[in-house]
Amino acid sequence: MSESPWILLLYSLPTGRGSARVAVWRKLRKSGALPFKTSAYLLPNRPELLERFQWLAQEVNEAGGEATLAIVSELEGLSREDMIRQFNEARAADYEPLSTALSALVSRQRESADDAVQAEVEKLRRRYREIRQVDFFDSAQGGNIEIQLDRAASLIGNRDPEAALQVFSTKEFSSKTWLTRPQPAIDRVGSAWLIRNFIDPQAEFVFANDPGSQPAAIPYDMMGVEFTHHGDDCTFETLLKRFGLVDPGLRKLAERVHDADLEDGKFQTVEAFGLDRIFKGWAKLGVADDEIFARGFPCFDALYAVFKTPSND
């Protein structure tokens, strides 16, 4: 890691240069730079990003303004973790419209076979790639969008996704290491609980954004892997089907995970929404991924205890 991890661009343009001001602002926004007070922007200290700021500084100077570049180690006492969090929050705001649009597309595709959906998915995928290029610290929301895109593409390419699902034996998955994305929320925590309790009691869990980083581990809830979203199913539902788990209590729990994770209203349940917000809140507070699992598993124990036995209420 660089001792001075940030590049700071400070600039000013003379009054009356509105078009130049707009042009610079658009390029700064496209670059993924983080606004820092008035006319100051921040990027990670990487060679290609330094070059981007150098071109912008030249553009400002040619427009009659003034631009200064500085390589800095910290800003007003903010830690590196604070700055990374701000970058990730900015990218999450960029991803949010994609998430909303993808949820609407999936709902529409489930209700009717609309061939126009494919073009819309590709348009959203292109926008996702643009944002991903400036998602410098691999925000959790970026991984969530990958899952949503994969799900949308699966619905387009396979009208009956269950027909292609292979059923596995739990005997094949004993004492394995399972890998998922960092900052786990409802589907990843719930799926880990399901794995530990019904599939692989000796399972160990690790966290990374790239499945290739630990090739011996079994990836789940990641784009393009075996155990992830398929068709209209979240990962928890996929695991139930892939391992032939027919427990009615697990099915009820799966419906809650589905609704909280996908927010498509399919089962009209609400019990898991609060858990999802709590898991995400713990991640924002910096709680370690394995600690989120440790705290989350008892929550699923309690929900399952409610759903596995018919209520007397």
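An account of the accompanying structure is given in this report. (Residues numbered from 1 in each chain as written. Predicted model: local features only at pLDDT ≥ 70, side-chain atom pairs only at ≥ 80, totals over all residues. Heavy atoms only, no water.)

On to the sheet that holds strand S3 (residues 40–44), then. In space, the 4 strands of this open sheet follow the order S2-S3-S1-S4, with antiparallel pairing throughout. Here the strands that pair on one side only, and so sit at the sheet edges, are strand S2 (34–35) and strand S4 (66–72). (Pairing = 2+ DSSP bridges. Helix = DSSP H or I, 4+ residues; strand = E, 2+ residues; numbered from the N terminus.)

Let us now look at the packing of aromatic side chains. Summed over the entire model, instances satisfying the criterion amount to 25 aromatic pairs. Seen in terms of ring centroids, Tyr95 and Tyr128 are 6.0 Å apart; in terms of plane orientation they differ by 35 degrees. Their pairing is tilted. Taken as a pair, Tyr95 in helix H3 (residues 80–111) and Tyr128 in helix H4 (residues 116–133) lie far apart in primary sequence, 33 residues in all. By the burial criterion, Tyr95 is buried, and Tyr128 matches it. (Phe/Tyr/Trp six-rings, centres within 6.5 Å; stacked < 30°, edge-to-face > 60°. Buried < 20%, exposed > 50% of the residue type's maximum accessible area, 1.4 Å probe, protein only.)

A few words now on the layout of surface pockets. The rolling of a water-molecule-sized probe over the atoms marks out the regions of remaining empty space. As a volume, the largest pocket reaches approximately 1,200 Å³. Taken together, 43 residues form the lining of the largest pocket, with Ala140, Gln141, Asn144, Gln183 and Lys280 sitting closest to its centre. Looking at the lining of the largest pocket, the elements with two or more residues in it are H3, helix H5 (140–157), helix H6 (186–199), helix H8 (248–262) and helix H9 (273–284). If you tally residues by element for the lining of the largest pocket, the top one is H3, at 11 residues. Per-class residue counts for the lining of the largest pocket are 14 nonpolar, 13 polar and 16 charged. Approximately 390 Å³ is the volume attributed to the second largest pocket. (1 Å grid on protein atoms, 1.4 Å probe; cavity = no way out; pocket = protein on both sides within 12 Å on 5 of 7 lines; lining within 4 Å. Points joined across faces, edges and corners; volume = space filled by probe spheres on them. Nonpolar A, V, L, I, M, F, W, Y, C, P; charged D, E, K, R; others polar.)

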